[in-house]
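An overview of the molecular structure
Below, each chain spelled out in residue letters.
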Amino acid sequence: MIMRRSLLFIPASKPAMLQNAEIFGADSIIFDLEDSVSVDEKDSARILLSQFLISFNLDKVEVCVRVNDLHSPFFVDDLNAMINKKVDTIVLPKANVRDVEFLDKFLLKMELERNILKTINIIPIIETCEAVNQINEIVKINRVNGLLLGGEDLTNDLEVSRTIDGWEIFYPRTKIAYACKARGIDAIDTPYINTLDEEGLILDTKKAKSLGLNAKCAIHPNQVSVINEILSPSIEEIEYASRVMIAVEKSNDKGVFSLDGKMIDKPIINKAKKVLEKAKKFGLKVGAKDEK
Amino acid sequence: MKIGIAGSFDSCDALITVIENDKLEIEIESIVENQFKDEIEKVIRTTLQALDLNKVKVICKDKGALNYTIRARLLSAIARMSDDNA
Amino acid sequence: MKNSLGREVPNSFTPYMEDSLTSFTPIKEKDKVVKTEFLDSIKECFDLLKLSDGMTLSFHHHLRNGDGVLNLVLKEIKERDLKDITIAASSIFPVHEEMCELIENGNITKIYTNYLSGPVAKTITSGKMKDLLIMSTHGGRPFLIESGKLKIDVSFIAAPCVDKAGNGNGVEGKNACGTLGYAIADLKYASKVVLVTDTIKDKLEFVDLDRQYVDYVLKVDSIGEQKGIVSGTTRITRDPVGLIIARNTAKLIDELGLIKEGFSMQTGAGSISLAVTQYIEKLMIERQIKASFALGGITSYYVKMLESGLIKNLYDVQCFDLEAVKSYKNNQNHIGISATEYAGPHNKKALVNKLDFVILGATEIDVNFNVNVTTDSNGIIIGGSGGHFDTARGAKTTIITSQLLRTRLPIVKDEVTTITTLGKDVDIFVCERGIAINPKRTDLIEKLKDSTLNITTIDELLKKAHQITGIPKNVPHKDKIVGVVLASDGTVIDSIYQR
């Protein structure tokens, strides 16, 4: 299972941002060839990003590339430049079932041709009403290991405005959360657009978390630490999970037992396992205070 | 005369111009000239060599770009070479 | 001749030696002035003082890049074509560009200062001054003056407000700049003292400069431009790399247990430092912890913390913005101090020695933790110690923060171009790609052994930097020495070369 908290967008056309992309603590970096690159710089951005990926060793983060959509004149060139062993994941904008299926096959063909041993993943961006209705089919496609909500384009398609409360994206958020959790893949929330408003980002991230989304995009490096903090298991959660697992060991598989006077059963144990797995992956301190 | 330009004057970037020429010429202006001029020239030369290009003039105005950026801007400028830009 | 750091020292100077002890024999303060004379012409002032070739004139830099007093005196030196003048100014800024011509013409042949930026720095680096530039520290300067190693013939002290008896302060008048901490040694030890002011009142709210030392008050139209005292670095960074460094620095300080009841700090006015201060403030509020004092150059951020009760006292040697000036004037817990009280190496009670931690910047840092804030990587003078050396030496924990790379230039070097602050006084370096601890601080390394912060070594950071940028070529210098960098005790740490 892939677990992300933060995915940071970095324009592929800006050397100063590329070479610092890895220092902000994002779990994934989405190098962007789409909206943040102007039409006359698409060619140079592709070359710059390729050269950057060749010369920088980014082994601590997931390398994602947002290509231009399948129906744009840039799609084929983008993929030709970006399918290599340095790239982990293709982020596909304006996705629908057909597009994702096409990309899935296209990637397979290219991987074989280029002798790439790993499987490149796909994160479709759900930003049309059509895609929202197809979510349950899209998540079934093998390479898809997360869905990313594109709130701005989606609300345009729906012909409504974005609001602070976010009721207009309540339905797609929920739908993405359920579909992804059912498949064990990442439910990735739309970015918070006002990069100067940290309070707003905190509230928005907490809301997404409460609906079941486990990751969120950042469109500014300063957003990453806030997102990571909210979407990581808390110190209390980790501590409790550690104590649950210690108690499991002591109970010698006796099945049901109690901790702090509370019955511990399978769902609680599974949750504890997940919390610890996350904590380990995110480099958080693991351990129970009163057990040494 | 064919000409191609790529890059910018942003910090950590370089603006590279490639012009059709009767011989190989390289001009470098850099904010880190004292420390890296030779290195920048080496990157430009090896990139041109790999493409078998030796009749061009390359003008590199560098704002502290790393090697990968110099290489990328040079490759983009070459790919963009056309008479239209002249 | 070489010092114990392996750096060249010009003849007639004392080389820095590892274990040398500061010996201090004070000279006598200047004679008491019976009656202060009031003048309104610089010409008359020069005449009365019999200013002549070869004299040493001193200035403070509290008006920073808004200073008009040094320029006023320079004009008169030029007018009279005085030769071989030594200028002892606590700092020199771009606004003092006029000095370049006087240096080139031999009117000014020697300069003592603690910080130097702009055209004058370039002129001196290019080898145009006859004698040497002597770069001291904020604590070292009063030591040199009070021990008679730097004899001042006349001190021209910019005084924002003066009363009819000749007392002065820095808080009233149209060019109020706050404390006058760097001028106190000059006031007490210069042979003659002139307060230069644009505002004379019947009575002052309080006195920073005691009239008993003041020979003359020179009234002018304007001593400068109050706006210029805001140094320009005093805004919190929005730069994401700067903020990452700041956040990790704050976490580090917290993990080291430095945020505890009654702690003390100096964090400076750099944009990263201010962001660190903000994170520290947040922690203090969360945990209801109060600091005993904050020290150094004071900004509005510290003033806010003083006013909200998070800090008990501010000890202010220099106000960095106008909010600090106002607070110094109105808040009795905001206390002005002299450079000697701040950082004098001859003063056992110097406040820098009571600091729990200090956060400082760097232009370069080397694998031995030596720091350069005097020259850039091409060897051009761009600053100077100020209080860098003194606070690093005094504070219990010294933290240097900087980006690892400035465009393509690595900040970490095998050897810094110029040593400003000694590696043995530097404990931690924080940059965006890791935190390096000075190996001699085994206690800190032990404390951080389970840290989730990215703790690495300075050699690793150098390697990382070189992997990204390639190895920079060393920039050769000319043979001629144009200046020396002093430790606070006046011994020479390093030389600055012509470029």
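Worth saying up front: this structure is predicted, and the values here are computed from it rather than measured.

1. Let's talk about the nonpolar core
- Phe31(A), Leu49(A), Leu57(C), Met99(C), Ile111(C) and Phe156(C) are the most contacted members of the largest nonpolar core, which has 240 residues in total.
- Looking at this core, the element that brings in the most residues is helix H7 (residues 240-255) of chain C, giving eight residues.
- With sequence-adjacent residues up to four places away left out, Phe31(A) is seen in contact with Ile10(A), Leu18(A), Ala21(A), Leu49(A), Phe52(A), Leu53(A), Leu58(A), Val63(A), Cys64(A), Val65(A) and Arg66(A).
- With 21 residues, the next largest nonpolar core counts Ile16(B), Val32(B), Ala77(B) and Met81(B) among its residues.

2. Examining the domain arrangement of chain A
- For chain A, the domain assignment lists domain 1 (6-231) and domain 2 (235-281).
- The C-alpha centroid of domain 2 of chain A is placed 33 Å from the C-alpha centroid of domain 1 of chain A.

3. A closer look at helix H1 (residues 33-50) of chain B
- Over its 18 residues, H1(B) runs 24 Å from end to end, which matches the ideal 26 Å to within 8%, given 1.5 Å per residue.
- Of the positions making up H1(B), those classed as buried are Gln35(B), Phe36(B), Ile40(B), Val43(B), Ile44(B), Thr47(B) and Leu48(B).
- On its buried side, H1(B) packs onto strand S3 (25-30), strand S4 (56-62) and helix H2 (67-79) of chain B together with strand S21 (409-410) and helix H14 (458-469) of chain C.
- Where H1(B) terminates, the next one or two residues include Asp52(B), which has phi positive at roughly 60°.

4. A short note on the interface of chain B and chain C
- Each partner contributes to the interface: chain B provides 15 residues, whereas chain C provides twelve residues.
- For the pair chain B and chain C, the summed buried area comes to about 1100 Å², and 58% of that belongs to carbon and sulfur atoms.
- For chain B, the biggest contributors to the area lost against chain C are Gln35(B), Phe36(B) and Leu66(B); these three give 52% of the whole.
- Remark: the boundary between chain B and chain C carries one salt bridge.
- Between Lys473(C) and Asp38(B) there is a salt bridge whose closest N-O contact spans 2.7 Å.
- The tally of links between chain B and chain C comes to seven residue pairs in polar contact (both at pLDDT 80 or more).
- Sorting elements by how many residues they give to the side of chain B that touches chain C places H1(B) first, with six residues.
- Taken together, the residues of the side of chain B that touches chain C sort by class into seven nonpolar, five polar and three charged.

5. Considering the packing of helix H4 (residues 97-113) of chain A against helix H5 (residues 129-138) of chain A
Residues and elements named next belong to chain A.
- In the contact formed by H4 and H5, the axes pass within 9 Å of each other and the chain directions differ by 45°. Considering their axes alone, H4 and H5 lie oblique with respect to each other. Taking contact as the criterion, the partners of Val97, Arg98 and Val100 in H4 are, on H5, Glu130, Gln134, Glu137 and Ile138.
- Grouping the constituent residues of the contact of H4 with H5 by class yields three nonpolar, one polar and three charged.

6. Some remarks on the sheet that holds strand S4 (residues 89-92) of chain A
All names here are of chain A.
- Spatially, S1-S2-S3-S4-S5-S6-S7-S8 is the arrangement adopted by the eight strands of the closed barrel, whose pairing is parallel. If you compare each strand with its neighbour and ignore which way they point, the axes differ by 25° on average.
- When strand S1 (residues 6-11) meets strand S8 (residues 215-218), the two strands line up parallel, connected through three bridges. Paired with Ser6 across the strands is Lys216, a residue of S8.

7. Some details on the sheet that holds strand S10 (residues 200-201) of chain C
- Strands sit in the order S8-S7-S10 (chain C) across an open sheet of three strands; the sheet is mixed. Two strands close off the open sheet at either side, each with one partner strand: strand S8 (168-169) and S10 of chain C.

8. Quick look at the interface of chain A and chain B
- Taken together, the 16 residues of chain A in the interface contact 13 residues of chain B.
- The contact between chain A and chain B buries some 1200 Å² in all, and 55% of this surface belongs to carbon and sulfur atoms.
- Between Glu41(A) and Arg80(B) there is a salt bridge whose closest N-O contact spans 3.1 Å.
- At the boundary of chain A with chain B, the tally comes to eight residue pairs in polar contact (both at pLDDT 80 or more).
- Contributions of two or more residues to the side of chain A that touches chain B are made by helix H1 (15-18) and helix H2 (42-55) of chain A.

About the cut-offs
Residues numbered from 1 in each chain as written. Chains lettered and ligands numbered in written order. Predicted model: local features only at pLDDT ≥ 70, side-chain atom pairs only at ≥ 80, totals over all residues. Heavy atoms only, no water. Core = buried A, V, L, I, M, F, W, Y, C linked by side-chain atoms within 4.5 Å. Buried < 20%, exposed > 50% of the residue type's maximum accessible area, 1.4 Å probe, protein only. Helix = DSSP H or I, 4+ residues; strand = E, 2+ residues; numbered from the N terminus. Contact = heavy atoms within 4.5 Å. Domains from an automatic or database assignment. Expected span 1.5 Å × (residues − 1). Buried area = accessible area lost by both parts, 1.4 Å probe. Salt bridge = Lys/Arg side-chain N within 4 Å of Asp/Glu carboxyl O. Polar contact = N/O pair within 3.5 Å; in protein donor to acceptor, adjacent residues only side chain to side chain. Nonpolar A, V, L, I, M, F, W, Y, C, P; charged D, E, K, R; others polar. Axes fitted to C-alpha atoms, helices over the stretch in contact; angles between N-to-C directions. Parallel < 35°, antiparallel > 145°, perpendicular 65-115°, else oblique. Pairing = 2+ DSSP bridges.

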